[in-house]
Amino acid sequence: MAKKTYDLLFKLLLIGDSGVGKTCVLFRFSDDAFNTTFISTIGIDFKIKTVELQGKKIKLQIWDTAGQERFHTITTSYYRGAMGIMLVYDITNGKSFENISKWLRNIDEHANEDVERMLLGNKCDMDDKRVVPKGKGEQIAREHGIRFFETSAKANINIEKAFLTLAEDILRKTPVKEPNSENVDISSGGGVTGWKSKCC
Amino acid sequence: MEEPPLREEEEEGDEEEEEEEEGEEAGPEGALGKSPFQLTAEDVYDISYVMGRELMALGSDPRVTQLQFKIVRVLEMLETLVNEGNLTVEELRMERDSLRKEVEGLRREGPAAGREVNLGPDKMVVDLTDPNRPRFTLQELRDVLQERNKLKSQLFVAQEELQCYKSGLIPPREGPRGRREKDAVVARARNASKNKEEKTIIRKLFFFRSGKQT
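Residues numbered from 1 in each chain as written. Chains lettered and ligands numbered in written order. Predicted model: local features only at pLDDT ≥ 70, side-chain atom pairs only at ≥ 80, totals over all residues. Heavy atoms only, no water.

**Things to note about the UniProt feature "short sequence motif: Switch 1" in chain A**
Here the UniProt-annotated "short sequence motif: Switch 1" positions come out as residues 32-46 of chain A. A distance of 16 Å separates the end C-alpha atoms of residues 32-46 of chain A, which is 0% helix and 20% strand. (UniProt positions renumbered as here; feature names shortened; annotations may be inferred. Helix = DSSP H or I, 4+ residues; strand = E, 2+ residues; numbered from the N terminus.)

**Quick look at the nonpolar core**
Residue and element names in this part refer to chain A. Formed by 29 residues in total, the largest nonpolar core has its most connected members in Ile 85, Ile 107 and Leu 119. Beyond its immediate chain neighbours, meaning those up to four positions away, Ile 107 contacts Ile 15, Tyr 79, Ile 85, Leu 87, Val 115 and Arg 117. Ranked by size, the runner-up nonpolar core spans 27 residues in total, among them Val 25, Leu 26, Phe 29 and Phe 149. (Core = buried A, V, L, I, M, F, W, Y, C linked by side-chain atoms within 4.5 Å. Buried < 20%, exposed > 50% of the residue type's maximum accessible area, 1.4 Å probe, protein only. Contact = heavy atoms within 4.5 Å.)

**Looking at the confidence of the model for chain B**
Residues and elements named next belong to chain B. For chain B, the average pLDDT comes to 74, and 64% of its residues sit at 70 or higher. Mean pLDDT values over the elements of chain B span from 45, in helix H1 (residues 5-15), up to 90, in helix H6 (residues 138-166). Per-residue pLDDT stays below 50 along residues 1-24; that stretch engages in 17 contacts with residues further than four places along the chain or on separate chains. Considering only residues more than four positions removed or in separate chains, one finds that residues 178-198, a stretch of pLDDT under 50, has 49 contacts. Overall fold confidence for the complex sits at a pTM of 0.57, while the interface term, ipTM, reaches 0.73. (pLDDT = per-residue confidence, 0-100.)

**Re the pairing of strand E2 (residues 44-53) of chain A**
Residue and element names in this part refer to chain A. In this sheet, strand E3 (residues 56-65) lies alongside E2 in antiparallel orientation, the contact comprising 10 bridges. Looking at the pairing, Val 51 lines up with Ile 58 of E3. As consecutive antiparallel partners, E2 and E3 are separated by two residues, and within that stretch Gln 54 has a phi angle of approximately 45°, a positive value. (Pairing = 2+ DSSP bridges.)

**Thoughts on the UniProt feature "modified residue: N6-acetyllysine" in chain A**
Per the UniProt record, "modified residue: N6-acetyllysine" is annotated on Lys102(A). Counting through the fold element by element, Lys102(A) comes out in helix H4 (residues 100-110).

**Some details on a nonpolar patch on the surface**
On the surface, Met124(B), Val126(B) and Leu128(B) cluster together to form a nonpolar patch covering roughly 330 Å² of accessible area. Looking at the secondary structure, you find Leu128(B) in the loop between helix H5 (62-118) and H6. (Patch = residues over 30% accessible without salt bridge, like charges linked within 9 Å, V, L, I, M, F, W, Y side chains within 5 Å. Areas by Shrake-Rupley, 256 points an atom, 1.4 Å probe, with all protein chains shown as cover. Salt bridge = Lys/Arg side-chain N within 4 Å of Asp/Glu carboxyl O.)

**Remarks on the environment of Asp114(A)**
Here Asp114(A) is to be found in the loop between H4 and strand E5 (116-122). Note: C-alpha distance between Asp114(A) and Met83(A) (31 residues apart in sequence) is 7.8 Å.

Quick look at the structure:
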């Protein structure tokens, strides 16, 4: 049998205010690079990265959305197919943190009910300009029962960890179509490592 | 002095240029005949001169000396009030002139600005000479983005396939497509299992767009 390029395809989505660093977070993860020039994303873009989790090759198709209001009608139509959504704010921008509730409402309105959510406080390398304490991010994540990381695309902090954790969370609740020996540890590992009580 | 102040104020606006000459013509005594609103510091000094002269003529009665101190004080107060009043008038005059210029400027731009105001709350004016003016619709942008992303995903698939050939994973004579399709499991495709065999990888990638997967 010819070897296939991947076992599973996960569709992820990055949302959050304009300028919080969604594209940079994705660029760091997909190309392990960082660019300081700010180019606003036009509407919607995507990148592909294949990772290996629990012996499975998982192709991550990661959709990067424009944070600007004028693109919202375009970007919200991409929520539906997402299995995981990363909501990004900027720890040096209080407004981007205040808008989290607005983004969470967008998820409720446009995404699948069982979508896996994650909150990222980006630019954590800029501690001297921080206006959002880490505790506030942790608190709002706890209130909504979602995972939280402080990240830095620039300093490469927690980027890979965040994506892999989100992929793992999706993998954990992915139904196994053709059970075989490889799949056993996926289903059995389900409730053990996850701290979330939310049922899929 | 007995003239009602209101009328004076109204007149002042139109006759501001003449007022100073009037005082000069009448000599020191003339200052006493002026309207209080047109009084200058010079007029106050004229009044001081006139009153001082008359007090001197009364002789050196101690009561006169007493009164003289009070009169000097009152005249000093008057001087301060007149100076301050004139400064205020000057400031107001400058402000009025700049506002007049502003109004004239706005009147010259008139028609264009007027139209903008009449457009209503949710309208905007497009400058047809601006090379960066908005000119494409949301649907056009949506279509272009969709096509861009489709081509991008096709490129990724082609790159992967090429990689497979290069690394010798797929023998060139074996058609890789049909086989890979069957093997690749799209997560959550539980509802779509019937059609699975017919779907290309691109279609699977773009299942995301169509949003039928609930």
